Amino acid sequence: MNNSITNSIDISIDGEVMTLLPQKCIYFKKEKALVVADIQLGKTGHFRNAGIPVPAELAFIDLAELSKLLCDDNLNIKMLFILGDMFHAKINFDWRIFEEWRNLHSDIEIQLIKGNHD
């Protein structure tokens with residue numbers, strides 16, 4: 001068992017096996033897909049622009065964790081489903097971080113199901 005799925009829980013939904021990962025996402029092996037929600041890109045920049053002192057590093061943490069999963073050869077992820085709230089605010093510096101991150105993972109198809117912030 002690799003590090004990405006250590007401490008995971010397999011569940012079955014209508015005969016399909018899904019793995020609940022400790023990184024707060026779902027791995028759907030049959031479809032080679034990862035399911036996440038509420039990434040809230042831009043939230044750090046939004047708060048900082050409003051004068052709320054949050055560490056700038058927060059903008060990188062979730063994307064770095066997501067990158068670890070997407071690059072895990074044992075998972076072999078081809079698709080990323082984002083279940084709402086991919087973005088938090090208008091374009092700010094955090095979006096440039098996302099653009100760079102997206103270029104690193106251009107081989108992964110992303111499907112967004114819009115949330116109230118998108």
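You'll find the structure just up there.
Every value quoted in this text rests on a predicted model; they were computed, and no experiment measured them. (Residues numbered from 1 in each chain as written. Predicted model: local features only at pLDDT ≥ 70, side-chain atom pairs only at ≥ 80, totals over all residues. Heavy atoms only, no water.)

A. Molecular detail of the pattern of salt bridges. Under the definition given, this model contains two salt bridges. A salt bridge links E16 to K30; its shortest N-O distance comes to 3.1 Å. Highlighted residues: E16 in strand β2 (residues 16–21) and K30 in the loop between β3 (25–28) and β4 (33–36), separated in sequence by 14 residues. E65 serves as the salt-bridge partner of K68, at 3.8 Å between the closest nitrogen and oxygen. Placement of the pair is K68 and E65 together in helix α2 (residues 58–70), with a separation of three residues, close to one helical turn. For K68, a relative accessible area of 55% corresponds to the exposed category. (Salt bridge = Lys/Arg side-chain N within 4 Å of Asp/Glu carboxyl O. Helix = DSSP H or I, 4+ residues; strand = E, 2+ residues; numbered from the N terminus. Buried < 20%, exposed > 50% of the residue type's maximum accessible area, 1.4 Å probe, protein only.)

B. Examining the pairing of β4 more closely. Alternating positions in β4 separate into two faces, A33 and V35 on one and L34 and V36 on the other, with burial throughout. Summarising the sheet, β3 and β4 pair through three bridges and their orientation is antiparallel. Paired with F28 across the two strands is A33, which belongs to β4. As consecutive antiparallel partners, β3 and β4 are separated by four residues, and within that stretch K32 has a phi angle of approximately 55°, a positive value. In terms of strand pairing, β4 meets strand β5 (residues 79–83) through four bridges, oriented parallel. (Pairing = 2+ DSSP bridges.)

C. Layout of the environment of D10. Of note, D10 is situated in strand β1 (residues 9–13). Judged by its relative accessible area of 54%, D10 is exposed. C-alpha of D10 to C-alpha of L21: the two residues are eleven residues apart in sequence and 8.8 Å apart in space. If we skip the residues at most four places from it in the chain, D10 touches V17, M18 and T19. (Contact = heavy atoms within 4.5 Å.)

D. Molecular detail of the sheet that holds β2. Taking strand neighbours across the sheet as the criterion, the six strands line up as β1-β2-β3-β4-β5-β6 in an open arrangement whose pairing is mixed. Both outer strands of the open sheet, β1 and β6 (109–113), are each paired with one neighbouring strand and no more. Looking at each pair of strands side by side, their axes are set apart by 25° on average, direction ignored. (Axes fitted to C-alpha atoms, helices over the stretch in contact; angles between N-to-C directions.)

E. Region of the structure containing the environment of N74. Among the structural elements, N74 can be located in the loop between α2 and β5. Distance from N74 to I5, taken between C-alpha atoms, is 9.3 Å for residues 69 residues apart in sequence.

F. View of the nonpolar core. Ranked by size, the top nonpolar core spans 20 residues in total, and within it L34, V36, L66 and L80 carry the most contacts. Of all elements in the fold, only β3, β4, α2, β5 and α3 (93–104) reach the threshold of two or more residues within this core. For this core, the leading source of residues is α2, giving four residues. (Core = buried A, V, L, I, M, F, W, Y, C linked by side-chain atoms within 4.5 Å.)

G. Layout of unusual backbone geometry. In this structure, K32 takes a positive phi of about 55° despite not being glycine. Along the chain, the position of K32 falls in the loop between β3 and β4. Positive phi, close to 55°, is recorded for N76, a residue that is not glycine. Its location among the elements puts N76 in the loop between α2 and β5. Take N76: its relative accessible area is 30%, and that puts it in the partly exposed class.

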